[in-house]
Amino acid sequence: MSEVVTYSREGKVGVITVDYPPVNALSHAVRTGLVAALEQGQKDSEAKVLLLVCAGRTFIAGADIREFGKPMQEPGLPAVVEQFENSDKPLVAAIHGTALGGGLETALGCHYRVALSSAKVGLPEVKLGLLPGAGGTQRLPRLAGAQKALEMITTGEFVAAKDALAFGIVDAVDEGNDVKAAGMAYAQKIADEGKPVRRVRDLTDKLAADKGSEVFEQFRVALEKKARGLFSPFKCVDAVEAAFNLPFPEGMKRERELFMECMGSPQRAGLVHSFFAERQASKVKGLPKDTPVRDVNSVGIIGAGTMGGGIAMNFANVGIPVTIVEMKQEALDKGLGIIRKNYENSARKGRITQKQVEDRMALITGSLNYDDFKDVDLVIEAVFENMAVKKEIFAKLDSVCKPGAILASNTSTLDIDEIASATKRPEDVVGMHFFSPANVMRLLENVRGSKTSDEVKATVMAVAKKIKKVGVLVGNCHGFVGNRMLHRRGAEALALVNEGATPQQVDKVLTDLGYPMGQFAMSDLAGIDVGYRIREELRNAGEKVAPSWLDKLAELNRFGQKSMAGVYKYEEGSRKPIPDPEVERIIEDFRKEQGIASREITDQEILERCMYVMVNEAAKILEEGIADRALDIDVIWIYGYGFPAYRGGPMFWADQIGLDVILAAVEKYRSEVGTEHWEPAPLLKQLVAEGKRFGDL
Ligand code: 3H9
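Residues numbered from 1 in each chain as written. Predicted model: local features only at pLDDT ≥ 70, side-chain atom pairs only at ≥ 80, totals over all residues. Heavy atoms only, no water.

### Quick word on the overall build of the chain
And step 1. In terms of helices and strands, the chain carries 28 helices and 17 strands.
And step 2. Its C-alpha atoms give the chain a radius of gyration of 28 Å, near enough to 26 Å, the size a compact globule of 697 residues would have.
And step 3. Its C-alpha atoms give the chain principal-axis dimensions of roughly 90 × 60 × 55 Å.
And step 4. Evaluated residue by residue, the chain yields a buried proportion of 55% over its 697 residues.
And step 5. Carbon together with sulfur atoms contributes 53% to the accessible area of the chain, which is approximately 30,200 Å² in total.
And step 6. Within the chain, the 97 negative side-chain charges are centred at a point lying 2 Å from the centre of the 89 positive side-chain charges. (Helix = DSSP H or I, 4+ residues; strand = E, 2+ residues; numbered from the N terminus. Rg over C-alpha atoms; globule rule 2.2 N^0.38 Å. Buried < 20%, exposed > 50% of the residue type's maximum accessible area, 1.4 Å probe, protein only. Areas by Shrake-Rupley, 256 points an atom, 1.4 Å probe, with all protein chains shown as cover. Lys, Arg positive; Asp, Glu negative; His and termini not counted. Charge placed at Lys NZ, Arg CZ, Asp CG, Glu CD.)

As structure tokens, then:
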């Protein structure tokens, strides 16, 4: 008998229990165990009804993702589910936690389903570049109809138990919290009432109702917009449609073909890498699992600007009280007003209730006095990027905050050690770099200073999880990981335009790669004036900063989206960048002024220069230990800058291109472009010499 799946009998009920932590994934051992336990149940003459239930925190959460990309070992999941459905004895699935992917498909192979009210069900395969491949696309529509099945399968979103009941996916919801008891009670009822087997594959009424419906075409059209560049969502629609057009066995064959197409796609590999990278990033190299974590039950924020306000919302959203300190009442009122407006917008869109708006606002207190930080567990400074100002703030915090309070800076570039030097407790100082808009973007780049204690590092990583962010711990250098790489890409994008490309050509190459926006559209969003001010400050301080056509835009008050004109122009109420001939003229004049002869630039050159320069910089970042692993860099780019998860992050992408190809191009651009940042990273050279990839590090 398998150790991970057991069979036992209680009265008339034969109980099949899966116990395979952490999430009862359908590994080979579980699949084999399920078949063996089912056979035992069939043979057990005392068992009138069979119950499938899981131990631990959840029902089966899906196929074992770790087995993807390896040769499949029999029995495959579709065959296991088929055997369950073929059972002559009624089979009940009792669901708690999450029944996901192959887990829900296994439950759909059972004849009845009961779920705890706290449970959720879903077919999230699409998020891994797949489609449900064990009958989910054929069985779910037979229970829930075309619209619901398409919604669930193309988005991968989970559905709460009570909604699953309304959609016909489960037959009963149990309000208790003991899944075994709920399953036993339901199975007993089936036995007592002598209910027959009820195979989902034989249900036809929902199929008849939706056959030939326009809903499939509508989904395809909507996906063109929503799932730009993605492969599997369209295959999901094809597979669900097959349920309506083909008899069940042929529908299953069609599902299999489409599933295998997805399985072989590079997008599947990228998305599975992203899934594991995200989870791996939370396990910091060199930080023991049992590192003590400090309690963070109250937070202080300095600055009620866009960043400070967004950061405050993250804490209020999870019930943690926040005190925001500003210099002037007017700025404080404005900031609090914006937070309220953001919450009310969410309420209008139905994402939260009006009561939640009030509850969250009640957790946020404004103040003009640093003394109000004296009891808080964590303070996050979110004022503008100026070292002198930050040092002054940290010195004040040092004198006000209680011992053990964590003092964090949201700086996006500045030296954490220098900031920490303004205090007598550098071990409590850390960077917590949120990404704009801070209440939306999932990345939290936590920056360790040279003296930051392990306890503080572990705590800020735990805080990330608590506020539902993806935390990555990185080292201290100018721009840390994300902005240091972005800076290289920005310089290269600018150089490409100087040499003859148009901003829209550069941006299109980046959006074609899958970024939500290009470099110049991003500058317009961030504000052209921001970079201009920084360059001017440097120039005033006597540093040599090359002139740029972006300076000319700023001098013409073309600040970007906020002034309806920047690198692009914008129409009232729209964020869509529109190329502007006026800007082309400004660029052309700039080239003449600088004596630059414009040349034709290919999209391939743009792609290589914008991406390879980042990869080369990332190799230096790894070498310097600023990032611990290539996967940390991937996670930063996916969650902080919208790098397409289906390409697995820039490092995974680079591994697919081939590091030898990238090194050759880096060497070529070093001689052609000549700037210092094209100097090949020694680590890149070493990996190429050893025939290795970033993934091997
Ligand atoms: C599928 O089913 C295909 C079929 O249609 C067809 C087959 C033919 N496999 O997220 P957490 C690990 S595709 C292996 O931190 P949470 C995870 O790596 C699959 N491992 O916890 C982590 O390990 P570690 C469809 C898995 O409570 C640990 O479990 N299913 C799997 O925040 C805890 O995970 C999905 O896509 C897996 N399937 O969230 C579900 N799932 O501790 C994917 C998790 O070593 N999973 N692990 O880092 C999830 O959405 C979340 O993990 C879940 C729990 C909601 C279950």
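### A closer look at the packing of helix α24 (residues 603–623) against helix α28 (residues 682–689)
And step 1. It is at 7 Å that the axes of α24 and α28 come closest, and there the two elements cross at 95 degrees. Our classification of the angle between α24 and α28 gives roughly perpendicular. On the side of α24, the interface is formed by Asn 616, Ala 619, Leu 622 and Glu 623, while α28 contributes Pro 682, Leu 683 and Leu 684.
And step 2. Classifying every residue of the contact of α24 with α28 by side-chain character gives five nonpolar, one polar and one charged. (Axes fitted to C-alpha atoms, helices over the stretch in contact; angles between N-to-C directions. Parallel < 35°, antiparallel > 145°, perpendicular 65-115°, else oblique. Contact = heavy atoms within 4.5 Å. Nonpolar A, V, L, I, M, F, W, Y, C, P; charged D, E, K, R; others polar.)

### Let's talk about the site of the ligand
And step 1. In the vicinity of the ligand lie 26 residues, with Arg 57, Glu 105, Glu 125, Arg 279 and Lys 283 positioned nearest.
And step 2. In this structure, Glu 105 approaches the ligand through a side-chain N or O atom, which is 2.7 Å from an oxygen atom.
And step 3. At 2.4 Å from an oxygen atom of the ligand is found a side-chain nitrogen or oxygen belonging to Lys 283.
And step 4. For the ligand, the protein covers 75% of the area, taking 1,000 Å² as the surface of the free molecule.
And step 5. Among the elements of the structure, β5 (98–100), α3 (102–109) and α11 (266–281) are those that each provide at least two residues to the shell around the ligand.
And step 6. Sort the elements by how many residues they give to the shell around the ligand and α11 lands first, with three residues.
And step 7. Class assignment of the residues belonging to the shell around the ligand gives a composition of 14 nonpolar, five polar and seven charged. (Near = heavy atom within 4 Å. Polar contact = N/O pair within 3.5 Å; in protein donor to acceptor, adjacent residues only side chain to side chain.)

### Some words on the nonpolar core
And step 1. By size, the foremost hydrophobic cluster in this structure holds 97 residues, and its most contacted members are Phe 373, Leu 397, Val 506, Trp 549, Ile 633, Trp 637 and Phe 694.
And step 2. The biggest single contributor to this core is α24, with twelve residues.
And step 3. The contact partners of Ile 633, leaving out residues within four places of it in the chain, are Val 481, Met 485, Ala 618, Ile 621, Leu 622, Ala 627, Pro 650 and Met 651.
And step 4. Formed by 72 residues, the second largest nonpolar core is a distinct cluster that contains Ile 60, Phe 84, Ile 95 and Phe 234. (Core = buried A, V, L, I, M, F, W, Y, C linked by side-chain atoms within 4.5 Å.)

### So, helix α8 (residues 215–226)
And step 1. Across its twelve residues, α8 extends 16 Å between first and last C-alpha, which sits within 8% of the 16 Å expected from 1.5 Å per residue.
And step 2. Those residues of α8 that sit buried are Val 215, Phe 216, Phe 219, Arg 220 and Leu 223. Seen end-on, α8 carries its buried residues on one side only, within an arc spanning 140 degrees. Relative to its buried face, α8 has exposed residues pointing more than 90 degrees away, namely Val 221, Glu 224 and Lys 225.
And step 3. Lining the buried residues of α8 we find α4 (136–155), α7 (205–210) and α9 (232–245). (Expected span 1.5 Å × (residues − 1). Arc of directions from axis to C-beta.)

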